[in-house]
Amino acid sequence: MSRIRILLADDHALFRGGVASLLAAGPDFEVVGEAADGRQAVEMARALMPDVILMDISMPVMDGLEATRLIKAEMPYVKIVILTATDGERSLFEAVKSGAQGYLLKNIDPKALYGTLRGVVQGEAPVSRTMAARLLEESTRQARQAGPAEPAPELTAREKEVLEQVTLGKSNKEIAQALAIAENTVKNHLKNILEKLHLENRVQAATFALRQGLGEKPPGPTS
């Protein structure tokens, strides 16, 4: 099995080295490069064409959000997971809007990091309840400021059921079990949902679902 090629982007060399060591312990990961700022991350992404970029938000020269926007516009296939020391609602929402597939705190458990990276590559990294709550809070705030939204495309009853399961943080396999359908059917439904809504990933889909009142509203984040 081919290894997952990862680019690390963080301005702290010690942290990058620690993450690189953690990933080296996993047989299916390969760190192909390390960037010290956002601009360097963009340049190295072009040169190395990684599968996944672990992107810090706060970096000199160019921050992680701008680097994410540039990379996703040029290389939409690259999966980007945001790494940050804090989990502010606005930065999380902006990261997702920029095309990030995930959002991790820097104190994450190594096993959770491995699982997230594998899930991201497979296109089914679960949306945590905490992430969903923060996304809903910030998207609701922005929606109030923007005024009435345009009507959303009509989804089928089954597509709505799949979206509800996504907001619960379930993987494709778990959704298939809950709805008594094949896992490939879940994948096809998700593909159709993303195309209909002009979204890039399931994190954005979960945000849309919660704003539309689909699924149970997650508990608010605790301080």
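Everything discussed here concerns the structure shown above.
Thresholds, definitions, all that
Residues numbered from 1 in each chain as written. Predicted model: local features only at pLDDT ≥ 70, side-chain atom pairs only at ≥ 80, totals over all residues. Heavy atoms only, no water. 1 Å grid on protein atoms, 1.4 Å probe; cavity = no way out; pocket = protein on both sides within 12 Å on 5 of 7 lines; lining within 4 Å. Points joined across faces, edges and corners; volume = space filled by probe spheres on them. Helix = DSSP H or I, 4+ residues; strand = E, 2+ residues; numbered from the N terminus. Nonpolar A, V, L, I, M, F, W, Y, C, P; charged D, E, K, R; others polar. Pairing = 2+ DSSP bridges. Axes fitted to C-alpha atoms, helices over the stretch in contact; angles between N-to-C directions. Contact = heavy atoms within 4.5 Å.

Student: Help me out: how do you make sense of empty space enclosed by the protein in this one?
Tutor: Rolled over the atoms, a probe sized like a water molecule indicates the empty space that remains. Per the stated rule, a full pass over the model turns up one cavity of 30 Å³ or more. Around the largest cavity, the lining residues are Leu-8, Ala-9, Asp-10, Phe-15, Arg-16, Val-19, Leu-54, Met-55, Asp-56 and Leu-83. When contributions to the lining of the largest cavity are tallied by element, the ones reaching two or more residues are strand S1 (4-9), helix H1 (13-24) and strand S3 (52-56). Here the residues of the lining of the largest cavity sort into seven nonpolar, no polar and three charged.

Student: Quick question: what am I supposed to make of the sheet that holds S3 here?
Tutor: Within a beta sheet, neighbouring strands are joined by backbone hydrogen bonds and run either parallel or antiparallel to one another. Taken in spatial order, the five strands line up as S2-S1-S3-S4-S5 in an open sheet, and their pairing is parallel. The open sheet has two free edges, formed respectively by strand S2 (29-35) and strand S5 (102-105), since each of these has just one partner strand. Between one strand and the next, the sheet's axes are offset by a mean angle of 25°, whatever the strand orientation. Judged from the five bridges that link them, S3 and strand S4 (residues 79-84) form a sheet pairing that is parallel. Each residue of the ladder has a partner; that of Met-55, found in S4, is Ile-82. Along the sheet, H1 contacts S1, S2, S3 and S4; its crossing angle with S2, the most-contacted strand, is approximately 165°. Running at roughly 155° to S3, helix H3 (residues 64-74) makes contact with S3 and S4 of the sheet.

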